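Read off the chains here:
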Amino acid sequence: MNSPDKNIQLFKTIFEQTPISTQIFIPNGTTVLVNKAWEDLWNVKFEQLGNYNILKDQQLVHSGTMPYIKKGFKGEHISIPPIYYDPAKTVPIDGVTPRWLSARMYPIKDEKSKITHLVLQHEDITERKKSEENLKQSQERLRATWESASDAMALSDDQGIVLDANSAYLKLYGYNKNEIIGQPFSIIFPQEHRKSADKQYQQTFHGKLNEAVVEAKVVSKQGEEHMVESRYSFLTNKDIRIAMLSVIRDISEQKKSEVALRESEERLRLALEAGNIGVWDWDIKQNLLTWTDNVYKIHDVDKNNFKLTFNNFKRLIHPEDQKLVLSSIDRTLKKGKPFNIEFRIIDRNQNIRWVSTSAVLIKDKTNTPVRMLGATSEITQQKQIEQDKSDFLSMAAHELKTPITSMKMFVEILQKELQSTSHKKASYYASRIKDQTNRLTELTSELLDVSRIETGKLQLNLEAFDISKLIKDTVESVQGTTKHLLKFKEMPNTSVLADKYRIYQVIVNLLTNAIKYSPVDKTVEISLKKNKRNIEVCIKDQGIGISKQDLSKIFEKLYQVSDSKEKTYPGLGLGLYITKDIIQRHKGKIWVESKKGVGSSFYFTLPLT
Ligand code: ADP
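Residues numbered from 1 in each chain as written. Predicted model: local features only at pLDDT ≥ 70, side-chain atom pairs only at ≥ 80, totals over all residues. Heavy atoms only, no water.

A. Just the sheet that holds strand β12 (residues 288-291), in detail. Within the open sheet, the 5 strands sit side by side as β12-β11-β15-β14-β13. Their pairing is antiparallel. The open sheet has two edge strands, β12 and β13 (339-346), and neither has a second partner. Going from strand to strand, the sheet's axes swing by 25° on average, the running direction of each strand aside. As paired strands, strand β11 (residues 278-283) and strand β15 (residues 369-378) are joined by 6 bridges and run antiparallel to one another. Along β15, the bridge assignment pairs G278 with T376. Helix α12 (residues 322-335) rests against β11, β13, β14 (352-363) and β15 of the sheet, and its axis sits at about 155° to β13. Contacting β13, β14 and β15, helix α13 (residues 380-419) crosses the sheet at an angle of about 120° to β14. (Pairing = 2+ DSSP bridges. Helix = DSSP H or I, 4+ residues; strand = E, 2+ residues; numbered from the N terminus. Axes fitted to C-alpha atoms, helices over the stretch in contact; angles between N-to-C directions. Contact = heavy atoms within 4.5 Å.)

This is the structure in C-alpha cells:
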C-alpha cells in the first residue's frame, strides 16, 4: 500500500509531466501552482511570474477568454472554444509563437462544497487546426475542380443511383441537382433503353464488362438528343468497388461532322468520277505518288503494270512539254502558289492527248511543303474543237482578205469616178461602202492576229522609238474621226524598244474603246508616267465603266460585257485579248481600273530602252 505522502509525490509528478498546460488559482485569482507544460507554453518561469493574479493582471490572458474565466471563478465547469493566440497582438511574451489553444476550467471544492482552488488548462491544438484547415482547403479545391470541369461528371453507387453530379452534367442533361441526385443514372437514356442501360451498368460495375469508353445516345430533360462518350473509373475501398465515376463528353457535333464529311467525300468522289477527273497526291517527304483510277485512265496506262514513280510519269509527258510541267511543279514547291497548266501526253499508241492539271501545295506547321495535291482531266477534245475553230477563223480571215482588198480598191476608184459627176447620192453610198469595207478590214485583221497569237506566229519587229511622239501622232489622227475631246500632254525622253506598229495598234485599240464606250461630250485623257525602268501609259475615259465581275474577264478572248446596253456596241471582243498579248510579249503589264457609270482607266507599261 502506498502512504499518503507517496501518493502526493506521485500526483505531483503526473501534474508536472502532463502535456496539458495547467494553472491553479485560489478564489481571489492568485496563481498558486503551474506545471512544466504551462511554463513551456507561455515561455515563462513560475518564479518570474511573482504574485500573478489573473483577475487583476490579465497579462497572459486573451481578451476573448476573459468572460469564460470570470464565469469559471464563479464555480462553473467551463469549456473555452479554440482561440487563436497571436503574441504580436495578444500575449506579448518573447518566444511565444502564434497558436491555437483550447481551454477548460473547473473548480476544486472541499467537503463543504466551498471552492478552494480553480484549475485552468490550455491545450495547444495548432497542429489539429492546421490539418483540419488543409483538409478543408483540399476538399474545396476538389469541389471547385469537379464543379468547373468542362466534362460532365457523375458519381453513382453500386445500384446505379446518382450520388453527385457536376454543373457540366446538369447543364448537359437539363436537370437541377435535386432532380438527379437519388435517381437511377439511366434517367438520361431514352425510355426504351433504360432497362438495358441498367443491365449494362450492373455488368460494368461488377467487372463483367470491361469497355473503358462507351458511346451512347442520351436525352435531356427537355427531350434533346445527344451523342455522348463516357469513360468510367471506380472508387474502391479495400479493393471493393463502392462508386463509379463517369466522365461524359458530348460528341454530337463531332458525330454530325463525321457524317457530313463522309457525305461530302462521297459527293466529291461522284463529282470527280462524273467529270472524269483524276486526283493525284504526292507525298513530298517520302517521295510517294498516288493516283486515283481516273489518272491511270487519262494517261492510258495499266494500273497493275505501271510502277508509279515521278520519273515514269515524266516519260508519259510529251518531250516538248516536260519543261513546262517540271518548272510549274518547281515554282509551286518554291513559292507555294497553286498552278494550272495544260500539256500534252503520249498514250500507248503514241497518240498525243491534251491534259489540264491544277495543283496545290500543302505545308506543315513549320511551313515545310509536305504534299502536293492535284486534279487532272483530259482536254484533248476541247483542244481539238478550239483548234478547229481557230483554223476556221484563220482560213476565213485569209479568204476574206483578198476580196476585201479588191472591194476597197474598187470602191476608192468608184468614189473618184463619182466625184466628177453630179451623182451626189451615189457618191454618199460609195463613201458608206468604203467605211464598212474599212471596218471589215479591221475585223479580218483582228481575226488574223488572234490566229497568229494562237499559232505562235505573232512576231515582234523591235525598234527604238519615242512613245510620246507615237501617242501624239495617233491622238491627232484619231481626233479627226471623233467629236470626243482627246487630251494628251507630251513627255520628253520616252524611248522604248518595241514593235512600233503593234504599240500603235494597242493605243488605237484603247483609244477607240474609250471613245466607243463614252458619251460624245466627254473627254478622253491620255497620260504618261515614267520611272527608272518603265513607262506607264494611262487612257482614261468618263464612259459607262465596267462592273467588278466583268473587270477580270474583259481581256479574255471573245469576251464582251453582256449588259443589254453594251449589246448595242459593235465589236467581236477580240481587241483587248490582242492588246494584252502584244503588251505581254513586250514584257509589259496591262490592267484596268473602272467604276460602273463613272469611267475606266486602262494602263499599260513598257520597258524603257
Ligand atoms: P470589243 O471589240 O467588243 O470592244 P474589246 O476586247 O476591245 O472588245 O473589249 C471587251 C469588252 O470590254 C467590251 O465589249 C466592253 O464591254 C468592255 N470595254 C472595253 N473597253 C471599255 C471601256 N473603255 N469602257 C467600258 N467598257 C469597255
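Past the structure itself, the notes keep going.
B. A look at the pattern of salt bridges. Taken as a whole and assessed by the stated rule, the structure comprises 34 salt bridges. Linking K334 and D330 is a salt bridge whose minimum nitrogen-to-oxygen distance equals 3.0 Å. On the criterion of helical spacing, the pair formed by K334 and D330 is a turn pair, its members being 4 residues apart in helix α12. You can call D330 partly exposed: its relative accessible area is 35%. (Salt bridge = Lys/Arg side-chain N within 4 Å of Asp/Glu carboxyl O. Buried < 20%, exposed > 50% of the residue type's maximum accessible area, 1.4 Å probe, protein only.)

C. Summary view of the site of the ligand. By nearness alone, 20 residues border the ligand, and N513, Y517, D541, Q560 and L576 come closest of all. Contact between the ligand and D541: a nitrogen atom at 2.8 Å from a side-chain N or O atom of the residue. If you list the elements that add at least two residues to the shell around the ligand, you get α16 (500-516), α18 (575-585) and β22 (599-607). For the shell around the ligand, the leading source of residues is α16, giving 3 residues. Grouping the amino acids of the shell around the ligand by side-chain chemistry returns 11 nonpolar, 7 polar and 2 charged. (Near = heavy atom within 4 Å. Polar contact = N/O pair within 3.5 Å; in protein donor to acceptor, adjacent residues only side chain to side chain. Nonpolar A, V, L, I, M, F, W, Y, C, P; charged D, E, K, R; others polar.)

D. A look at the pairing of β22. By the criterion of burial, β22 is predominantly enclosed, with 8 of the 9 residues buried. Strand direction decides the pairing type here: strand β20 (residues 534-540) and β22, joined by 7 bridges, are antiparallel. The partner of I535 across the bridge, within β22, is L606. Where strand β21 (residues 590-595) folds back on β22, the antiparallel hairpin that results is connected by 3 residues, among which G597 adopts a positive phi of roughly 80°.

E. Representation of helix α4 (residues 66-73) within the structure. Within α4, the full set of buried residues consists of M66, I69, G72 and F73. On an axial view of α4, the arc spanned by its buried residues comes to 115°, and they lie on one face. Against the buried residues of α4 lie β1 (21-25), β3 (78-85), β4 (99-109) and β5 (115-124). Positive phi appears at G75, one or two residues downstream of α4, with a value of about 105°. (Arc of directions from axis to C-beta.)

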